[in-house]
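# Report on the structure
For reference, the chains in residue letters:
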Amino acid sequence: MDQAAISGHGPDRWPDRWNVSDPQLIAETFSSRIWKVRLADGKPAVVKALKPFDDVADELRGAHYLSWRDGVGAVRLLGFEGHDMLLEYAGDRLLVDELNEHGDRHATDIANEVMARLFSPSDVPPPADLQPLRERFASLFKKAELDRDAGLASPYRDAATIADRLLSNPHELRVLHGDLHHDNILRGDRGWLVIDPKGILGDPGFDAANFFYNPLDRHDDLCIDPGRIAYMAEVFAKTLGQRPDAILDHAIAWGCLSSSWHAEDDNDEDEASELAVVAAVRAVRASF
């Protein structure tokens, strides 16, 4: 038995009724171990085994989101036991692979189509434990207050004002994935599907915002390209029934939220990289 199983986050704790075999550990993050397995019919599936960590509620809400979506635009939740999820295998082609091979606008159009599917109506009542979007922004508001108290004219203060306005007057309230980006969209037998939702309640513009900052290794060129920023704003706005300037406001708020998380972690490099993209989005926003 490997170390993952010995430590209590592996096959030894999975329920027998799942009837899975041939577990292969394919990824490990701070929050979970990801195993590729075989179902009884021979098809591949994934087990996501959560570790005990501070934000485990995010992952549990995500499981409830997947159950609610029931395969529409997202992977199916096939089983859920304790802190372990048995998931449909989404495929092994990431949206970032599509971007690298066929171009950014092609990838953006796919992201837009996936987002539209995620916001398609459901007759099933939404999960009861969705996180209010304002709670998600706690770190940004805290950082803005610290900078205000220190007399700093930082981008966080402006972004907090934008975020507060968006949160106080949402275009509409919808169930959000909460972490849409190029590494959370994969293609398999059922086409493009999302993984790893957070389960949030708020303005759909929030779900479009993260795309402006991805792929993470393209902050220095692609993500700061004004043409790309404007194209995303126009495309996402049309799908979400909002104005492009509103989408850009969501992108500014999101970028500074993400930067505030980096600041909390004393990750100066990633904070600066994120804020550079924020500045590029702000410049485009000024033209709308």
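Let me sum up the structure you'll find in this document. Just so you know, these numbers come straight off a predicted model, no measurement behind them.

Turning next to the sheet that holds strand β2 (residues 32-38). Taking strand neighbours across the sheet as the criterion, the five strands line up as β1-β2-β3-β5-β4 in an open arrangement whose pairing is antiparallel. The open sheet is flanked by β1 (21-28) and β4 (77-81), the only strands paired with a single partner. On average, each strand axis in the sheet is tilted by 20 degrees relative to the strand beside it, whichever way the strands run. Direction of pairing for β2 relative to strand β3 (residues 44-50): antiparallel, over a ladder of seven bridges. Within β3, the position partnered with Arg38 by the bridge is Pro44. Most of the contacts of helix α2 (residues 56-69) go to β4, to which it runs at about 140 degrees, and overall it touches β3, β4 and β5 (84-88).

For the pair helix α9 (residues 226-240) and helix α11 (residues 268-285), the least separation of the axes is 9 Å and the interaxial angle reads 65 degrees. Of the possible angle classes, the one that applies to α9 and α11 is roughly perpendicular. Crossing hand, α9 versus α11: right-handed. Contact with α9, carried on its side by Pro226, Ile229 and Ala230, involves Ala280, Val281 and Val284 of α11 and no other residues of that element. Per-class residue counts for the contact of α9 with α11 are six nonpolar, no polar and no charged.

Moving on to the packing of α9 against helix α10 (residues 244-264). The packing of two helices is summarised by the inter-axis angle and the distance between the axes. Two elements in contact, α9 and α10, have axes separated by 8 Å at closest approach and are oriented at 110 degrees. Looking at the two axes, α9 sits roughly perpendicular to α10. In this structure, the crossing between α9 and α10 has a hand that is right-handed. Here Ile229, Ala233, Glu234, Phe236, Ala237 and Leu240 of α9 lie close against α10, whose contacting residues are Pro244, Ile247 and Leu248. Per-class residue counts for the contact of α9 with α10 are eight nonpolar, no polar and one charged.

The end-to-end C-alpha distance of α10, which contains 21 residues, comes to 30 Å, matching closely the 30 Å that a straight helix rising 1.5 Å per residue would cover. By the criterion of burial, α10 is predominantly enclosed, with 18 of the 21 residues buried. The first or second residue beyond α10 is Asp266, which carries a positive phi of 55 degrees.

To continue, consider the environment of Asp84. Along the chain, Asp84 turns up in strand β5. For Asp84, the contacting residues outside a window of four places in its chain are Arg13, Trp14, Trp18, Lys48, Ala49, Leu50 and Gly79. Only 2.4 Å separates the side chain of Asp84 from the side chain of Arg13, close enough to count as a polar contact.

On to the sheet that holds strand β7 (residues 131-132). Strand order in this open sheet of three strands is β7-β11-β8, and the pairing throughout is mixed. The sheet terminates laterally at β7 and β8 (174-176), the two strands that pair on one side only. Here two bridges tie β7 to strand β11 (residues 200-202), and the two strands are oriented parallel to one another. Considered in β11, the bridge of Gln131 is made with Ile200.

In terms of nonpolar packing, the biggest core is built from 72 residues, with Phe137, Leu140, Phe212 and Phe236 touching the most fellow members. Sort the elements by how many residues they give to this core and α10 lands first, with eight residues. Residues in contact with Phe236, not counting those within four places in the same chain, are Thr108, Asn112, Met115, Ala208, Phe211, Phe212 and Ile247. One finds Trp18, Trp35, Val47 and Ala49 within the second-largest nonpolar core, a separate group that totals eight residues.

To continue, consider the layout of surface pockets. In this approach the atoms are scanned with a rolling probe the size of a water molecule, which exposes any empty space left behind. Put simply, the second largest pocket is a space of about 250 Å³. If you trace the second largest pocket, you find it lined by Leu39, Lys43, Pro44, Ala45, Arg76, Leu78, Glu88, Tyr89, Gly91, Gly188, Asp189 and Arg190. Partitioned by chemical class, the residues of the lining of the second largest pocket number five nonpolar, two polar and five charged.

About the criteria used
- Residues numbered from 1 in each chain as written.
- Predicted model: local features only at pLDDT ≥ 70, side-chain atom pairs only at ≥ 80, totals over all residues.
- Heavy atoms only, no water.
- Pairing = 2+ DSSP bridges.
- Helix = DSSP H or I, 4+ residues; strand = E, 2+ residues; numbered from the N terminus.
- Axes fitted to C-alpha atoms, helices over the stretch in contact; angles between N-to-C directions.
- Contact = heavy atoms within 4.5 Å.
- Parallel < 35°, antiparallel > 145°, perpendicular 65-115°, else oblique.
- Left-handed = near helix turned anticlockwise from the far one by under 90°.
- Nonpolar A, V, L, I, M, F, W, Y, C, P; charged D, E, K, R; others polar.
- Expected span 1.5 Å × (residues − 1).
- Buried < 20%, exposed > 50% of the residue type's maximum accessible area, 1.4 Å probe, protein only.
- Polar contact = N/O pair within 3.5 Å; in protein donor to acceptor, adjacent residues only side chain to side chain.
- Core = buried A, V, L, I, M, F, W, Y, C linked by side-chain atoms within 4.5 Å.
- 1 Å grid on protein atoms, 1.4 Å probe; cavity = no way out; pocket = protein on both sides within 12 Å on 5 of 7 lines; lining within 4 Å.
- Points joined across faces, edges and corners; volume = space filled by probe spheres on them.

By themselves, these are just geometric observations and shouldn't be taken as functional.
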